[in-house]
Amino acid sequence: MSNIAFIGLGQMGFPMASNLLKKGHTLKVYDLNREPVKKLEELGAFAANNPKDAAENSEFIITMLPNGQLVKEVIFGKDGVIESVSSQALIIDMSTIHPLESDEIRQQLSCKNIEFMDAPVGRTSDNAISGTLLILAGGTDEQVNRASSVLLCMGSEIINAGGPGKGIRVKLINNFMSIALNALSAEAATLCEALGLPLSTAMSVMAGTPANKGHFTTTWPNKVLKGDLSPAFMIDLAHKDLGLALDVANKLHVPLFMGSASREIYSQARAKGRGRQDWTAILEHVRECAGLNK
Ligand code: NAD
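Residues numbered from 1 in each chain as written. Predicted model: local features only at pLDDT ≥ 70, side-chain atom pairs only at ≥ 80, totals over all residues. Heavy atoms only, no water.

### Considerations on the pattern of salt bridges
Here the structure, examined in full by the defined rule, presents 13 salt bridges. For D103, the salt bridge is made with R169, and the minimal N-O distance between the two is 2.6 Å. A residue pair is termed long-range when its members are at least 10 positions apart, and D103 in helix α5 (residues 99-111) and R169 in helix α8 (residues 166-194) qualify at 66 residues. Relative accessible area serves as the criterion here: at 11%, D103 is assigned to the buried category. Looking at R169, the relative accessible area reads 30%, which means it is partly exposed. Here E284 ties to R287 by a salt bridge, and the two come within 3.0 Å at their closest N and O atoms. Of the two residues, E284 and R287 are both situated in helix α13 (residues 282-289); the distance of 3 residues between them amounts to about one turn of the helix. On the accessibility criterion, R287 (28% relative accessible area) is partly exposed. Connected through salt bridges with shared partners, the residues K72, E101 and E104 form a single ionic network. (Salt bridge = Lys/Arg side-chain N within 4 Å of Asp/Glu carboxyl O. Helix = DSSP H or I, 4+ residues; strand = E, 2+ residues; numbered from the N terminus. Buried < 20%, exposed > 50% of the residue type's maximum accessible area, 1.4 Å probe, protein only.)

Rendered as structure tokens:
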């Protein structure tokens, strides 16, 4: 069992810290808000007066804070972790922060020979309560191995993202896609309602199509990811079908921002001569626009 400091006891941090306690770790906890600190004290944790106090004699220092600025303050600010942390300790930031801020923190700590890894989490606060978070570990293999038994007290699955800074990067991609998809899904559901269709009908149709399953595991593996752009379903036809939906939506006064933006991408791909390529060639088109497929 380890001596752990836990800083940031909100919606996520409080249940994560509780689970570490339940698994028998010795915990020192700190939050600006004294309420969760008191509650954890009642459950057996030690209350720290500041991050410095929490970090003293701790083997692991976990931060779960709203943003990178606060993570920096807690580590490098007045009475910060840096003032007491041992050179044997490992600081694990589990917050979702800007990857470049995370890199900056790791580099500053590395200059002082202090180890740092990013380990943001996927899933929700319900999973934080049940200890079933998905943990995206960004560290050296040695750091990930060292932290894994502690991380598994809070999550049911650890994905080694492949090196320092990679956990926070993959978290960003995951959130980008699921947050944008949420808006696209809302547009599809709204169009469905405006067309007088029960959402349940659309859901049962889409259950077996890329609309619900996504493209990564359905259309892409045997086409664009293999370099095969011969058409199974042409970009021209995808563009036409998207246009039909946008036209109907327009007549029903349903705004489709995500849909309209997508059509522009297909239009641009057609203008670049990709109309008769498979619709998965959209990946190649977007990569080309980003200057990546040289
Ligand atoms: P929250 O706002 O509920 O909790 C943040 C806690 O940090 C609060 O208790 C606050 O008092 C404390 N805090 C702020 N500044 C502090 C400081 N200087 N020193 C000590 N404590 C300080 O946020 P949350 O929902 O627990 O999210 C924490 C992190 O987890 C965020 O980066 C968030 O993006 C990420 N996350 C949240 C969820 C979710 O479903 N809520 C899911 C995955 C990841």
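### Some thoughts on the UniProt feature "active site" (unreviewed entry) in the chain
The feature "active site" (unreviewed entry), as annotated in UniProt, sits at K171 in this numbering. Looking at where K171 falls in the secondary structure, it is placed in helix α8. Taking the relative accessible area as the measure of exposure, K171 reaches 7% and is therefore buried. Setting aside its immediate chain neighbours within four residues, K171 contacts T96, P120, V121, G122 and L136. (UniProt positions renumbered as here; feature names shortened; annotations may be inferred. Contact = heavy atoms within 4.5 Å.)

### Focus: the sheet that holds strand β7 (residues 121-122)
Spatial ordering of the open sheet is given by β7-β8-β9, a layout of 3 strands whose pairing is mixed. Strand pairing shows two members of the sheet lacking a second neighbour, β7 and β9 (155-160), which therefore form its edges. Here 5 bridges tie strand β8 (residues 133-137) to β9, and the two strands are oriented parallel to one another. Pairing of A137 across the sheet is with N160, part of β9. On the sheet, helix α7 (residues 141-151) packs against β8 and β9 and is oriented at approximately 175 degrees with respect to β9. α8 rests against β7 and β8 of the sheet, and its axis sits at about 130 degrees to β8. (Pairing = 2+ DSSP bridges. Axes fitted to C-alpha atoms, helices over the stretch in contact; angles between N-to-C directions.)

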